[in-house]
Amino acid sequence: MAVSGFEGFEKRLELHFSGDDPAELGLRLLDFESLEEVLHAVQCTVVSAVANQFFDAYVLSESSLFVYPTKIIIKTCGTTQLLKSIRPLLNRACDLGLNLCGCRYTRGSFIFPKSQPYPHTSFREEVIFLEDNLPAHLCYRKASVMPSFPSSSSSSSKSSSHSWHVFTAREKSPMAENESYTIEVCMTELDRMLARKFFRFPEDGKSGDTAGKEMTEITGIRDINPNALVCDFAFDPCGYSMNGIDGDRYSTIHVTPEDGYSYASFECVGSVYDSRDDLAGVLKKVAQVFRPGTMSVSTTSPGREMWTTVKSALEPLGLKCRSCAVDEFPAAGTVVFQTFTTRRK
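What counts and what doesn't
Residues numbered from 1 in each chain as written. Predicted model: local features only at pLDDT ≥ 70, side-chain atom pairs only at ≥ 80, totals over all residues. Heavy atoms only, no water. Helix = DSSP H or I, 4+ residues; strand = E, 2+ residues; numbered from the N terminus. Rg over C-alpha atoms; globule rule 2.2 N^0.38 Å. Buried < 20%, exposed > 50% of the residue type's maximum accessible area, 1.4 Å probe, protein only. Axes fitted to C-alpha atoms, helices over the stretch in contact; angles between N-to-C directions. Parallel < 35°, antiparallel > 145°, perpendicular 65-115°, else oblique. Left-handed = near helix turned anticlockwise from the far one by under 90°. Contact = heavy atoms within 4.5 Å. Salt bridge = Lys/Arg side-chain N within 4 Å of Asp/Glu carboxyl O. Disulfide = S-S within 2.5 Å.

Visitor: Residues and numbers for the overall build of the protein, please.
Guide: The secondary structure content of the protein amounts to seven helices and 16 strands. At 19 Å, the protein has a C-alpha radius of gyration in line with the 20 Å of a compact globule built from 345 residues. Taking the principal axes of its C-alpha atoms as reference, the protein extends roughly 55 × 50 × 40 Å. Relative to its 345 residues, the protein shows a buried fraction of 56%.

See the structure below:
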């Protein structure tokens, strides 16, 4: 294991707003300079972007940003200071007549926790920072670490490092009934041969966009959702990010392929009324693209029924479910956190 390297595990912040906007554009009215101000506080930049009639999607130098009329999602890796985006975002939203009504912050366990800057030095510090920077009317709050316990001493000790950290907050008035789900997948110990596909040849003369499109095709990522419009980017000398937009839904993938601390993430959203077979098919494709040694899946939805779909999709591929934790959160619903490792572990 490398002593130090690039931190692949992302921090994810999702903010929900309410307000009267006759044009219904909401947060999408934020100009690029305002977004740059927010990202400057986080310490990342935009490298590519795509949009449709529903939302705007940005590939960042460290992961992704999605802007809907009343919702914004920022996901950043490395040593970014994600939570420092809250204050500038709230100020900009207020200028648009929007008020914060819900917040969700999630992350896995960092590979290099000692390299993280304030306020990400510990989950306790992150929660204190959130408590101090969120408005008082978001009074229903909960913070929890959902652990991953190996089922036997023969299981890999690394599976316990895939703990899931969750903080949520919402206002007193009930939010609209949620009929969507979010899947967040974290993968480590990627297949070495497959991970090599996310390295660029020295001085290849290609732009990040061109090299990214090639990686999307040769790795099989394009086939995960063939209907999505993909915005992809390859970093130099290695690394890859993509956002997919399909109607009002997004998906995103980020890859840190270096041996010793290889990592990949996948995230998507869907409706609880979608076919479970479709979700199972997506998860199978993701696992086959990366062939991870350890894979954790967090499902946030109105109920806990989806865990069986995740398990039945992955176990036939040789990934054994080592643990499953369930918890309830305001402004989020039910979070089910499962950890899988290859059967040889």
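Now that the structure is up, let's keep going.
Visitor: Break down the packing of helix 1 (residues 32-42) against helix 2 (residues 86-95) for me, citing the residues and quoting the values.
Guide: Contact geometry of helix 1 with helix 2 gives a least axis separation of 8 Å together with a crossing angle of 160°. Considering their axes alone, helix 1 and helix 2 lie roughly antiparallel with respect to each other. Between helix 1 and helix 2 lies a crossing of right-handed hand. Across from S34, E37, V38 and A41 in helix 1, the residues of helix 2 making contact are P88, L89 and R92.

Visitor: Can you explain the pattern of salt bridges? Please cite residues and give values.
Guide: In the structure shown here, the tally under the stated rule is 15 salt bridges. With its nearest N and O atoms 3.0 Å apart, the salt bridge here joins D204 to R200. We classify D204 as partly exposed; its relative accessible area is 26%. The class of R200 is buried, set by a relative accessible area of 12%. Among the charged side chains, a network of salt bridges with common partners joins R12, E14, K75, R104 and E267.

Visitor: Break down the state of the cysteines for me, with residues and values.
Guide: Note on terminology: a disulfide is the covalent bond linking the sulfur atoms of two cysteines. In the structure shown here, the tally under the stated rule is zero disulfides. Unpaired in this structure, C268 has its nearest cysteine sulfur neighbour in C186, at a distance of 13 Å. Exposure remark for C268: the relative accessible area of 9% places this residue in the buried category. In this structure C324 is a free cysteine whose sulfur lies 5.7 Å from that of C321, the closest cysteine sulfur available.

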